[in-house]
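The chain contents come next:
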Amino acid sequence: DSGVTQTPKHLITATGQRVTLRCSPRSGDLSVYWYQQSLDQGLQFLIQYYNGEERAKGNILERFSAQQFPDLHSELNLSSLELGDSALYFCASSRGTGGNSPLHFGNGTRLTVT
Amino acid sequence: DQQVKQNSPSLSVQEGRISILNCDYTNSMFDYFLWYKKYPAEGPTFLISISSIKDKNEDGRFTVFLNKSAKHLSLHIVPSQPGDSAVYFCAASSNAGGTSYGKLTFGQGTILTVHP
């Protein structure tokens, strides 16, 4: 058990809809990261927050947004969903942002867009 | 442009023998490398990491070797156990140019099967 909690585990929704994925980091971790794993793209970095502030951004679509709250949990919002958004979405956390702070991943949310 | 490549989709070894998983990278700015293990229906689990100032890091049965000139790293598992059967991902990062070490670039993974 990595200590990172993601809810829900599975989500099935229709195209055009909006969903929110939630992540609770390990106790004491200040950084939260979101990754997307699709069949053809592998694990792709989306965005990082550190202590409530956006720290780094990957190829995150404009339809996607995230935030980290004062209690350090994070939410990833996906809107105007398309079939291609179907994927596993992983949240990870770490103590800091340096090289000696490996990421610890949750078990993911599997999103299916029909 | 795949900056981190794991050219072997799968590897099969006998219990007790050595497993060697390989990874190549193209971005010379990468200076922090990690290996993750992933079981089905679970998230990736951190195994071991290495900074570019080192060429070897060891943790129990796991050793990572880094060859910067060849832009190549490998993970050695000795001895291999059936419980090691999983998908292994190599990942790399850098904080150059204001990016973050948390922005990991992953390889496509290698499926390791250890036979009893």
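(A) Up close: the overall build of chain B. Of regular secondary structure, chain B possesses zero helices and eleven strands. Taken over the C-alpha trace, chain B has a radius of gyration of 14 Å; the compact-globule value for 116 residues is 13 Å, and the two agree within 12%. Projecting the C-alpha coordinates of chain B onto the three principal axes gives extents of approximately 45 × 30 × 20 Å. Among the 116 residues that make up chain B, the fraction classed as buried is 44%. Contacts in chain B between residues far apart in sequence, at least 24 positions, make up 55% of those at least 6 positions apart.

(B) Seen up close, the state of the cysteines. All names here are of chain A. By the definition in use, this model includes two disulfides over all chains. Two residues share a disulfide in this structure: Cys23 and Cys91, whose sulfurs sit 1.8 Å from each other. The chirality of the disulfide connecting Cys23 with Cys91 is left-handed, given an S-S dihedral of about -60°. A residue pair is termed long-range when its members are at least 10 positions apart, and Cys23 in strand β3 (residues 19–24) and Cys91 in strand β9 (residues 87–94) qualify at 68 residues. For Cys23, a relative accessible area of 0% translates into the label buried.

(C) View of the nonpolar core. Ranked by internal contacts, the top residues of the largest apolar core, which has 23 residues, are Phe33, Trp35, Leu73, Leu75 and Tyr88 of chain B. Of all elements in the fold, only β3 (19–25), β4 (32–38), β5 (45–51), β7 (62–67), β8 (72–77), β9 (86–93) and β11 (110–115) of chain B reach the threshold of two or more residues within this core. Per-element accounting of this core gives the leading share, four residues, to β9 of chain B. When residues no more than four places from it in sequence are discounted, the contact partners of Tyr88 of chain B are Gln6, Leu21, Trp35, Tyr36, Lys37, Leu47, Leu75, Ile77, Gly109, Thr110 and Leu112 of chain B. Membership of the second largest hydrophobic core comes to 21 residues, among which are Trp34, Leu46, Cys91 and Val113 of chain A.

(D) Molecular detail of the environment of Phe89 of chain B. Relative to the elements of secondary structure, Phe89 of chain B occurs in strand β9. Accessibility expressed as a relative area gives 5% for Phe89 of chain B, which makes it buried. C-alpha separation for the pair Phe89 of chain B and Gly107 of chain B, spaced 18 residues apart in sequence, amounts to 5.9 Å. In this structure, Phe89 of chain B is in contact with Gln37 of chain A together with Gln6, Leu34, Trp35, Tyr36, Lys38, Phe106, Gly107, Gln108 and Gly109 of chain B, ignoring residues within four places of it in sequence.

Definitions and limits used
Residues numbered from 1 in each chain as written. Chains lettered and ligands numbered in written order. Predicted model: local features only at pLDDT ≥ 70, side-chain atom pairs only at ≥ 80, totals over all residues. Heavy atoms only, no water. Helix = DSSP H or I, 4+ residues; strand = E, 2+ residues; numbered from the N terminus. Rg over C-alpha atoms; globule rule 2.2 N^0.38 Å. Buried < 20%, exposed > 50% of the residue type's maximum accessible area, 1.4 Å probe, protein only. Contact = heavy atoms within 4.5 Å. Disulfide = S-S within 2.5 Å. Core = buried A, V, L, I, M, F, W, Y, C linked by side-chain atoms within 4.5 Å.

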